[in-house]
Every structure is written in C-alpha cells, then in structure tokens.
Amino acid sequence: MHTFADVKKKKQYYLIRLQFLGYRFSGWQKQPGYKTIEGMLAKTLKFILPERQYKILGAGRTDAKVSALDAAFELFLDGEPLQDLDFFLKDFNKNLPSDIRIVSVKHVKEKFNIIQHSKEKEYVYLFSFGEKNHPYTAPFMANIQDDLDLDLMKKATSLFVGTHNFKSFTAKPKENGKFIRKVNSAEIKENTILKANFFPKKSYAFHIKGEGFMRYQVRMLMGALIQLGKGEVTLSDIEEALKPNSTTKFVFVAPGSGLMLHSLDFKDDV
C-alpha cells in the first residue's frame, strides 16, 4: 500500500538531447546576471510545467560562445510521468528561443546517470586562415588571418592520441586535478559539417574524441596547433608538454565560437 509520502517522492527521469548555437550565451552553467543555456532551459521548463518540481543536469559544461550539434541533459521530474512526450517536445521547442532546439526526449530508468554513463564525446573546432572572413561567419568558426602550416598541424594531432598528461592544456590547474586523460582520436580535415554561401571557399575542422575533457582543454590544444601553424612553437614543444612531469605552459586559448560538441554517445544500458 502506497502512502501519500510515497506518491510525493515519486520521480521521473528523462534524457533530453538538444542542439544550440552558443554565440550569444555565456556558456552552459546557470549563473546570475548572465544568459546561459541551462538558465534558458530552466526558465522555459518553469513556463511549460508550472505546477511541477524539477531539476536538470547537463552531460557537461560548455564555455561561452561554444555550440552543440548533439548535447544532452537529464531532467529529474517529481510526480507522475509526462503523458505525451511528442507534445512535450513540441511545446518545449515552441517556447525556447530560435538558437536552442530539443531533438529528442526519452524516459530513462532511475539508475541512469548522465555523467557516469557518458561513453565518448566528439568535439569539433572549425577554423579558416589566410584572409578575413565574411562577418556572418563569426558565430561558427575561428578566423586566423595569418598563413598556417596546415600539414604540420595535421602531423601534430597524432601526438594528442592516447593517454597523456594534459595539465599544460587546461586553465588554472589545481594541484589535485585529474590531468591524465585519454584521447581516442584526433585529426584535422576539411570542414564538411557546416556549409554556407558566406563561408570561405575552404575551411577546416579539428576533430577530437575522448571520454571526457578538462576545462578549456580542446580550445588550448587548438591554440597550440594554431601557434604551431604560425611557427611560434615547435612539434617538440608540444611533445614535451604532454610528458608526465612536464612544466611546459601553453596559454593561448582558441576562441570559443569555433568549438562545437559534435556528438555524444552513452553506454548501451541507457
């Protein structure tokens, strides 16, 4: 026999996938006085589910101006299940701004954990170089007006693959931080992900996959590649920075607007 307290404690769990253009947002995490993705989602949920108690937890935190083609968050909802997920998805989208879109809503089990069940993330950094881009390109890719040695940059991406100490490629590292991370793959190839008639004739994409990344890690790796392409650092400098006890410091953080979370895979038991 269920008591009133049991009913009150009932919770539902939903995995919600979404896309967003991050250019006008101060990142994912809700913070007072700033327009954020999490803040906009919470505000919209409060409007479409006015009588319900809920909380949301993202699969990760993106920085200011960073976008996502495949992001996710978990919705913890008190009470009974949502009756019509198709209607909920449409209603959610109708009330969100045009630069955020809900792609799917899935009812998941209580044991699902959006952080622990994340299997692999792929980030992509879009960039072009050699001449100034059309202004409309700014939200989507970084523009380096210097010439870059693209072949050398492509060669350097293989240094990132495997398990390394990435302490030199994160912002404000703490003494007890977890800097040993595994990169499953990394490469630079021509951009075929986004196209527009105002994009430069050629643009490029730095793809990197791994289970998890530290704050600014991908942007700092891209920053090191840009410095390498300009001739400001060498392949040996990057190799040295990845050694277990390296004291090498890289400080250039590539602009946030070139970065997107491209895909997010979860373990099979979701």
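Each chain has its residues counted from 1, running along the sequence as written. Reporting in this predicted model follows two pLDDT cut-offs: at least 70 for local features of residues, and 80 or more for side-chain atom pairs to be given and counted; totals over whole chains, interfaces and linings ignore these cut-offs and use all residues. In computing side-chain properties, one takes all heavy atoms of the structure into account and sets aside hydrogens as well as water.

A.B. asks: I tried to follow helix α4 (residues 150–160) on my own but got confused; where do I start?
C.D. replies: It helps to recall that an α-helix has 3.6 residues per turn; residues three or four apart then point in one direction. When accessible area is computed with a 1.4 Å probe and restricted to protein chains, residues below 20% of their type maximum are described as buried, those above 50% as exposed, and intermediate ones as partly exposed. In this text, helices come from DSSP runs of H or I with a minimum length of four residues, and strands from runs of E with a minimum of two, each type numbered from the N-terminal end. Of the positions making up α4, those classed as buried are L150, M153, A156, T157 and F160. Looking straight down α4, one finds its buried side chains confined to an arc of 115°; they lie on one side. Structural note: α4 exposes D151 and K155 on the side pointing more than 90 degrees away from its buried face. Looking at the packing, one finds that the buried side of α4 touches β5 (118–129), β7 (162–165), β8 (180–190), β9 (204–210), α5 (217–230) and α6 (235–241). Phi for G162, located one or two positions after α4, is positive at around 110°. An arc is given here, and it is the one of the directions from the helix axis to the C-beta atoms. The criterion used for residue contact is that any of the two residues' heavy atoms lie within 4.5 Å.

A.B. asks: What's the story with the UniProt feature "active site" (unreviewed entry) in the chain in this structure? I'm lost.
C.D. replies: UniProt positions are given in the numbering used here, feature names are shortened, and annotations may be inferred rather than shown by experiment. Mapped onto the present numbering, the UniProt feature "active site" (unreviewed entry) falls on D63. What makes D63 buried here is its relative accessible area of 16%. Leave out the neighbours within four places in its chain, and D63 touches G27, R215, Y216 and R219.

A.B. asks: How should I be thinking about empty space enclosed by the protein in this particular structure?
C.D. replies: Any empty space left between atoms is shown by rolling a water-sized probe over those atoms. Any residue with an atom within 4 Å of a point lines the site, the site being either a cavity, points on a 1 Å grid over the protein atoms alone where a 1.4 Å probe fits but cannot get out, or a pocket, an open set with protein on both sides within 12 Å along at least 5 of 7 lines. Grid points are joined across faces, edges and corners, and a volume is the space filled by probe spheres set on the points. Across all of its chains, the model carries one cavity of 30 Å³ or more by this definition. As a volume, the largest cavity reaches approximately 90 Å³. Counting residues per element, the ones that place at least two in the lining of the largest cavity are β3 (67–78), β5 and β10 (259–266). Looking at the lining of the largest cavity residue by residue, the class counts come to nine nonpolar, two polar and two charged. Three residue categories are used. Nonpolar comprises Ala, Val, Leu, Ile, Met, Phe, Trp, Tyr, Cys and Pro, charged comprises Asp, Glu, Lys and Arg, and polar comprises the others, including Gly.

A.B. asks: In this structure, what is going on with unusual backbone geometry? I would like to understand it.
C.D. replies: Across residues other than glycine, the phi torsion is negative in most instances, and most of the peptide bonds are trans. The backbone phi angle of K65 is positive, close to 75°, even though this residue is not glycine. Within the secondary structure, K65 sits in the loop between β2 (54–58) and β3. Positive phi values are uncommon outside glycine, yet Y216 reaches one of about 65°. Structurally, Y216 can be placed in the loop between β9 and α5.

A.B. asks: What exactly am I supposed to notice about the packing of helix α2 (residues 37–48) against helix α3 (residues 85–95) here?
C.D. replies: Geometry of a packed helix pair, given as the angle between the helix axes and the separation of the axes. Geometry is summarised by axes, namely lines fitted to C-alpha atoms with helices restricted to the contacting stretch, and by angles between N-to-C directions that run from 0 to 180 degrees. At their nearest, the axes of α2 and α3 sit 10 Å apart, and the two run at 120° to each other. By the angle between their axes, α2 is oblique relative to α3. Like other packed secondary-structure pairs, α2 and α3 cross with a definite hand, here right-handed. Of α3, the residues touching α2 (which contributes L41, T44, L45, F47 and I48) are F88, D91, F92 and N95. Residues of the contact of α2 with α3, tallied by class, amount to six nonpolar, two polar and one charged. Oblique is the label for any angle not under 35 degrees, not over 145, and not in the 65 to 115 range, which are roughly parallel, roughly antiparallel and roughly perpendicular in turn. Throughout, a crossing is termed right-handed when the near helix is turned clockwise from the far one, and left-handed when it is turned anticlockwise from it by less than a right angle.

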